Amino acid sequence: MCKKWLERVERGFYQEHGKYLDDIQREILIRCYDSKQSYEKIATALNYSPRTINLLASQLWKLLTDVFKEKEKEKVKVTKANLRGAVKRFIDQQDLEEVDPINSTTTKTFQIFISDRSKNSEPSIAEQLRKTLQDARQATTIGQDWLQRSNKELNEYDCFLLIVSSHSVDESEIMIEELQRARESRETRPDKPLTILLIHAGSHLSLPLNHPLHKQLQDISQSECLSSSDLPILVAEIMKCLETTNESTLRGLLLLIQKLGKLKISDNWMLTYVGENQLHKLGDLVLDLKNRKIRSGYAYWGVGPTRMWTTACTDPCYHMRENIERFPDHARQLANYVNKEQYNFVSLGVGEGSKDSNIIRDFFNRDDQAKPRDDFSYLPVDMSLDMLRVAIGRIQELPSHRRIAIQRDIETKEGMAEIAHIAKVLGENRPILYGFIGNTIANVEDPEHVLNNIVQVMKSNDLLLFEAQIINDSALTNNQLQKTIQYVKEEYEGISFRQFALSALLQNSDLSVEPKERDSCYLVEVSLQPWKYGQVLQIGCCFENNTDKELYLTFPNEDTTTLGLKEKIHLYCSRKFTQGTLEHFVQATNLSILGKSLYLTNRGTGFVVMMLQRNYQN
Ligand SMILES: C[S@@+](CC[C@H](N)C(=O)[O-])C[C@H]1O[C@@H](n2cnc3c(N)ncnc32)[C@H](O)[C@@H]1O
């Protein structure tokens, strides 16, 4: 019978001690773990004296203590009595490291060779990159003698980085030779992949299209490093390439996607990259509920909130309906910034998908065919798998293998870096139109941090279609403010939005309050707040215990909490920015406004859609 736990322990044992368990050690381990047999019984079964088994067992527990030691925690001594618990903790810890490579304590070191052909002045990007890689504990060599090294030496490297700039053109002969040598090395060792990456430093390499170097570069991943502030994100990209996606895996994935395109099956499915363990997400949400504050993405996470959000978006009384209806006319005015023959579309926080369906129609359809070019890729991103499935269903004009959904949290730096990396590889290096629309920026805890994460992954010709809700300065003057606050409260008190806002709590707890009483516990708070970039109208939606008793809540993982009288759980937060505040904010986040279109009601609220581009200083 195959014992999974034993395989894991044996592997750990080998990693720690450089040898496997011997037969007698294995027997002792299995018998103590499986049936807690006494040493006497084991001795009889194995034909040893009890004293010997006692001795061998105590040596084994010592060796296992070293295998199971939890980094940064106190070393826990393994004994016969705590063996099962120790094995379980060890396996859990390993699983955690596998799903969270960023926090993994066992980072692999890669050998990276940098060939600097950029001819940049000091301090060169290559030198800075080498230092940054070394800080990330990567063994890096920088040199000009790739061609002089023996095949044996080349085989030591995991990665060949070629750094180029517009000054490298007269070195193209040598670069062709270097790339050829790297390819040859890669082909001779399928078991130890060599990642080849081209990095544009400072500016792009400008070559005529028929130049022989172009042919060499065709299937090579390319990145940019236009200034030293790009280095951390570049290093993250390199590490991602090395750790998770060597070139042959990626080529395999692309091939798979192409094959999927030939399958003659219904359109009723989606190809999804699930980047996060949903059980961890549930754990985080329960923690949020216990801390009395649900963070942005969690308010939409799961099938209940997805259903309620989708319903709210069709409710004529909810202001989102008007936004969804008016959005296409305003967004369309910015379509000319996007070259439909080149760009792919990555939608961050896709929601129920109606707006994306309009964007694809208005920005990417070719006039003569009413659909985008054949290799156009649409990558909707959302924390909620259910939301992705609803959204994908709305995008019918694309074949299923060109609609690749990504489940990932965009509020984390690693999440955004991963999304950009996937988009780049699956989109075969084409420029990207990122969509970040529907006021999602206003719902997150820290808008500056989130927008900055997005800006950091944008390449020089990527674009960002950005939308947020705005409020006119005149609606905030002393004599208008109370009326405006009342109006905005009504927007969020409407029945369909209320049902949505409560849905994350209802889906993830056993809240037992009659629907009528529950409605009286729903509260919307609106206030004018100063912010670093100007004024914002802050909106908070809460569940307040307005019943006459304490409420006991149990969550899906059996955790519990008690909500005292008048105690609140913050369900949803949002903001409306003044136009000046918003523009100040995006410009301070290193973005230029290429164009914008806005809509305002006679009450002074509405939305603005902008086309933004990252600023690059040479
Ligand atoms: C306000 S809705 C906007 C939907 C859509 N873009 C629109 O304009 O109608 C916000 C969407 O972003 C997703 N979202 C919110 N926070 C997120 C996060 N941290 N990571 C990924 N998705 C998130 C939600 O699940 C939801 O689908």
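The rules behind each value
- Residues numbered from 1 in each chain as written.
- Predicted model: local features only at pLDDT ≥ 70, side-chain atom pairs only at ≥ 80, totals over all residues.
- Heavy atoms only, no water.
- Helix = DSSP H or I, 4+ residues; strand = E, 2+ residues; numbered from the N terminus.
- Core = buried A, V, L, I, M, F, W, Y, C linked by side-chain atoms within 4.5 Å.
- Buried < 20%, exposed > 50% of the residue type's maximum accessible area, 1.4 Å probe, protein only.
- Domains from an automatic or database assignment.
- Contact = heavy atoms within 4.5 Å.
- Axes fitted to C-alpha atoms, helices over the stretch in contact; angles between N-to-C directions.
- Parallel < 35°, antiparallel > 145°, perpendicular 65-115°, else oblique.
- Nonpolar A, V, L, I, M, F, W, Y, C, P; charged D, E, K, R; others polar.
- Expected span 1.5 Å × (residues − 1).
- Arc of directions from axis to C-beta.
- Polar contact = N/O pair within 3.5 Å; in protein donor to acceptor, adjacent residues only side chain to side chain.
- Pairing = 2+ DSSP bridges.

### Section: unusual backbone geometry
Most peptide bonds take the trans configuration, and most residues that are not glycine carry a negative phi. Residue Lys 36 is not a glycine yet carries a positive backbone phi of 45°. Following the sequence through the fold, Lys 36 ends up in the loop between α2 (23-35) and α3 (39-46). Backbone geometry places Glu 558, a non-glycine residue, at a positive phi of 80°. Mapped onto the elements of the fold, Glu 558 is located in the loop between β14 (551-554) and β15 (560-563).

### Regarding the nonpolar core
With 48 residues, the main nonpolar core has Trp 309, Phe 497, Phe 543, Leu 571 and Tyr 572 as its most contacted residues. For this core, the element with the highest residue contribution is helix α21 (residues 495-507), accounting for six residues. When we break this core down by domain, the ones giving at least three residues each are domain 3 (271-472 + 581-614) and domain 4 (474-578). Once residues lying within four places of it in the same chain are set aside, the contact partners of Leu 571 are Ile 294, Ala 299, Ala 501, Leu 502, Leu 505, Tyr 522, Cys 541, Cys 542 and Phe 543.

### Remarks on the packing of α2 against helix α4 (residues 50-68)
Running from N to C, α2 and α4 point in directions that differ by 85°, and their axes come no closer than 10 Å. Viewed along their axes, α2 and α4 adopt a mutual orientation that is roughly perpendicular. Taking contact as the criterion, the partners of Ile 24, Gln 25, Ile 28, Leu 29 and Cys 32 in α2 are, on α4, Ile 53, Leu 56, Ala 57, Leu 60, Trp 61, Leu 63 and Leu 64. Here the residues of the contact of α2 with α4 sort into 11 nonpolar, one polar and no charged.

### Focus on the side chain of Glu 178
Here Glu 178 shows up in helix α8 (residues 172-187). Those residues in contact with Glu 178 that lie beyond four places of it in its chain are Ser 115, Arg 117, Gln 144, Trp 146, Leu 147, Phe 160 and Leu 162.

### Structural notes on helix α12 (residues 278-290)
Across its 13 residues, α12 extends 18 Å between first and last C-alpha, which sits within 8% of the 18 Å expected from 1.5 Å per residue. For α12, the full list of buried residues reads Lys 281, Leu 282, Leu 285, Val 286, Asp 288 and Leu 289. Projection of α12 onto a plane perpendicular to its axis shows the buried side chains occupying an angular sector of 155°, all on one side. What points out from α12, more than 90 degrees from its buried face, is the exposed set Leu 279 and Leu 287. Two or three places before Leu 279, at the start of α12, stands the capping residue Asn 277, its side-chain oxygen 2.8 Å from that residue's backbone nitrogen. Positive backbone phi, at 70°, marks Arg 292, one or two positions downstream of α12.

### Some thoughts on the domain arrangement of the protein
One can read the domain layout of the protein as domain 1 (4-103), domain 2 (111-243), domain 3 (271-472 + 581-614) and domain 4 (474-578). Each of domain 1 and domain 4 was reduced to a C-alpha centroid, and the two centroids are 51 Å apart.

### A look at the sheet that holds strand β3 (residues 159-164)
If you trace the five strands from one edge of the open sheet to the other, you get β2-β1-β3-β4-β5, paired in parallel fashion. In this open sheet, the two edge strands, each paired with only one partner strand, are β2 (139-142) and β5 (221-225). Between one strand axis and the next, the sheet turns by 25° as a mean value, whatever way the strands run. Pairing between β3 and strand β4 (residues 195-201): six bridges, direction parallel. Following the sheet pairing, Ile 163 is matched in β4 by Ile 199.

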